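Given next are the chains, with one letter for each unit.
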Amino acid sequence: MLCRSTTSTAQVLQKAGYATGIFGKWHLGDEEPYQPHNRGFEEVFIHGAGGIGQAYDCSCADAPPNRENRYFDCVIRHNRQFVETKGFCTDVFFQQALGWIKKRKDQENPFFAYISTNAPHGPMIAPEPYKRPFLEAGYDENTAGRYGMIVNIDDNVGTLMQKMDDWKMWENTLLIFMADNGQASRSGQLNGKRVQHHAAGLKNGKGSPNEGGTRVPAFWRWKDVLPEGRD
């Protein structure tokens, strides 16, 4: 839960005249005072709670469709109203964000779009076309779902970047891609044998104070402003 005395990035940017939107996971309090529309976001499209299908009061996370069909056709809280969606959750979050970004661009409004996917997160569920290549390669269902989720995120980020090309937004737009913790699943099975998931040589993963649990990727792109290949 985000302490109410803490100032969020969205609040700072909103004061500076930016339009602010969140699409996906909030996980900083489901009760009304802690909701993102009270923490600097004017456009809110979230699944509530920590994960879709988890049971928490004041959120849509535990709506029956979310318990019965995790990650697909989810009930989402959109600006204080519950709405039904169609499709895989990550796709829905990006589609909603892209529509909002396009409107801000057309209106020539500075904006802050925060797309916070719940994937890749347990349970490891991905659309069948994304999961199938990994099942055919011999991975277990859970690992195939995990990798399928990651490829799906890659495709959605690629679509976002292509839209930024099409809309000629790179000159004054900073894109930041990052995660919130180390990998959540440390091992799986390949052809019936236990294998370790790639962790860049870092020790342990999510929930650990070691580097594997706390170090995350962070890629920043601002064309012609930030030099390429800089660490």
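As the structure is a prediction and not an experimental result, all values here were calculated from the model.

(A) How the structure looks around the overall build of the protein chain. Tallying secondary structure elements over the protein chain gives six helices and nine strands in all. Dimensions along the principal axes, computed over C-alpha positions, put the protein chain at roughly 55 × 45 × 35 Å. Across the protein chain, every contact between residues at least 6 apart in sequence was considered, and the portion connecting residues at least 24 apart equals 54%.

(B) The arrangement of unusual backbone geometry in detail. Residues Ala 119 and Pro 120 are joined by a peptide bond in cis, for which omega reads -5 degrees. Mapping Pro 120 onto the fold places it in the loop between β5 (111–116) and α4 (128–136). With omega at -5 degrees, the peptide bond leading from Gly 122 into Pro 123 counts as cis. Mapped onto the fold, Pro 123 is located in the loop between β5 and α4. In this structure, Asn 79 is a non-glycine residue whose phi angle is positive, near 50 degrees. Mapped onto the elements, Asn 79 comes out in the loop between β3 (75–78) and β4 (81–84). One non-glycine residue, Glu 108, adopts positive backbone phi at about 60 degrees.

(C) Spatial organisation of the sheet that holds strand β1 (residues 19–24). An order of β4-β3-β2-β1-β5 is seen for the five strands of this open sheet, with the pairing classed as mixed. The strands lining the two open edges of the sheet, one partner per strand, are β4 and β5. Neighbour-to-neighbour, the strand axes of this sheet turn through a mean angle of 15 degrees, independent of strand direction. Here β1 runs beside β5; their pairing, made up of six bridges, is parallel. Following the sheet pairing, Phe 23 is matched in β5 by Ile 115. In the packing of helix α3 (residues 89–106) onto the sheet, contacts are made with β1, β2 (43–46), β3 and β5, and the angle to β1 comes to roughly 165 degrees.

(D) Expanded view of the packing of α3 against helix α5 (residues 141–166). The interhelical angle for the contact between α3 and α5, taken along N-to-C directions, is 10 degrees, at an axis separation of 10 Å. Viewed along their axes, α3 and α5 adopt a mutual orientation that is roughly parallel. Residues Thr 90, Asp 91, Phe 94, Leu 98 and Ile 101 of α3 lie in contact with α5, whose contacting residues are Asn 152, Ile 153, Asn 156, Val 157, Thr 159, Leu 160 and Lys 163. Considering only residue class, the contact of α3 with α5 consists of six nonpolar, four polar and two charged.

(E) The packing of aromatic side chains, seen in detail. Under the criterion given, the structure shown has 11 aromatic pairs. Ring geometry for Trp 26 versus Phe 41: centroids 6.1 Å apart, planes at 85 degrees, classification edge-to-face. In this pair, Trp 26 sits in the loop between β1 and β2 while Phe 41 sits in the loop between β1 and β2, placing the two residues 15 residues apart along the sequence. Owing to a relative accessible area of 8%, Trp 26 belongs among the buried residues under this scheme. A relative accessible area of 5% means that Phe 41 is categorised as buried. On the basis of an interplanar angle of 20 degrees and a centroid distance of 6.2 Å, the ring pair of Phe 41 and Tyr 114 is categorised as stacked. Linking Phe 41 in the loop between β1 and β2 with Tyr 114 in strand β5, this pair joins segments that are 73 residues apart in sequence. In textbook terms, an aromatic cluster arises when at least three aromatic residues are bridged by ring pairs, as seen for Trp 26, Phe 41, Phe 112 and Tyr 114.

(F) Spatial organisation of the state of the cysteines. Within the structure shown, the criterion is met by zero disulfides. Cys 74 takes part in no disulfide bond, and the closest cysteine sulfur to it belongs to Cys 89, at a distance of 5.3 Å. Judged by its relative accessible area of 3%, Cys 89 is buried.

(G) Spatial organisation of the pattern of salt bridges. For the structure shown, the criterion picks out six salt bridges. Residue Glu 211 is joined to Arg 215 by a salt bridge in which the shortest nitrogen-to-oxygen separation is 3.9 Å. A single network of salt bridges, built from pairs that share partners, joins Lys 102, Lys 105 and Asp 106.

Conventions we followed
Think of each chain on its own: its residues are numbered from 1, step by step along the sequence as written. Per-residue local features of the predicted model are confined to residues with pLDDT of at least 70, and side-chain atom pairs are confined, for both listing and counting, to 80 or more; whole-chain, interface and lining totals are unaffected and use all residues. Only hydrogens and water are removed before side-chain values are computed, so all heavy atoms of the structure are retained for them. Each helix is a run of DSSP H or I of at least 4 residues and each strand a run of E of at least 2, with the numbering of both proceeding from the N terminus. Only heavy atoms matter for contacts: two residues are in contact if any of them lie within 4.5 Å across the pair. Criterion used throughout: strands pair if DSSP finds at least two bridges between them. For helices, the axis comes from a line fit to the C-alpha atoms of the stretch in contact; other axes are also lines fit to C-alpha atoms, and the angle between any two N-to-C directions lies between 0 and 180 degrees. Here roughly perpendicular refers to angles of 65 to 115 degrees, roughly parallel to angles under 35, roughly antiparallel to angles over 145, and oblique to all remaining angles. In this classification, the charged set is Asp, Glu, Lys and Arg, the nonpolar set is Ala, Val, Leu, Ile, Met, Phe, Trp, Tyr, Cys and Pro, and all remaining amino acids, among them Gly, are polar. Stacked, tilted and edge-to-face pairs are distinguished by plane angle, under 30 degrees for stacked and over 60 for edge-to-face with tilted covering the rest, among Phe, Tyr and Trp rings (Trp via its six-membered ring) whose centres lie within 6.5 Å. Only protein chains enter the accessibility calculation, which uses a 1.4 Å probe; a residue is then buried when its area is under 20% of its type maximum, exposed when over 50%, and partly exposed in between. Disulfides are defined as pairs of cysteine sulfur atoms found within 2.5 Å of each other. For this analysis, a salt bridge means a side-chain nitrogen from Lys or Arg found within 4 Å of a carboxyl oxygen belonging to Asp or Glu.

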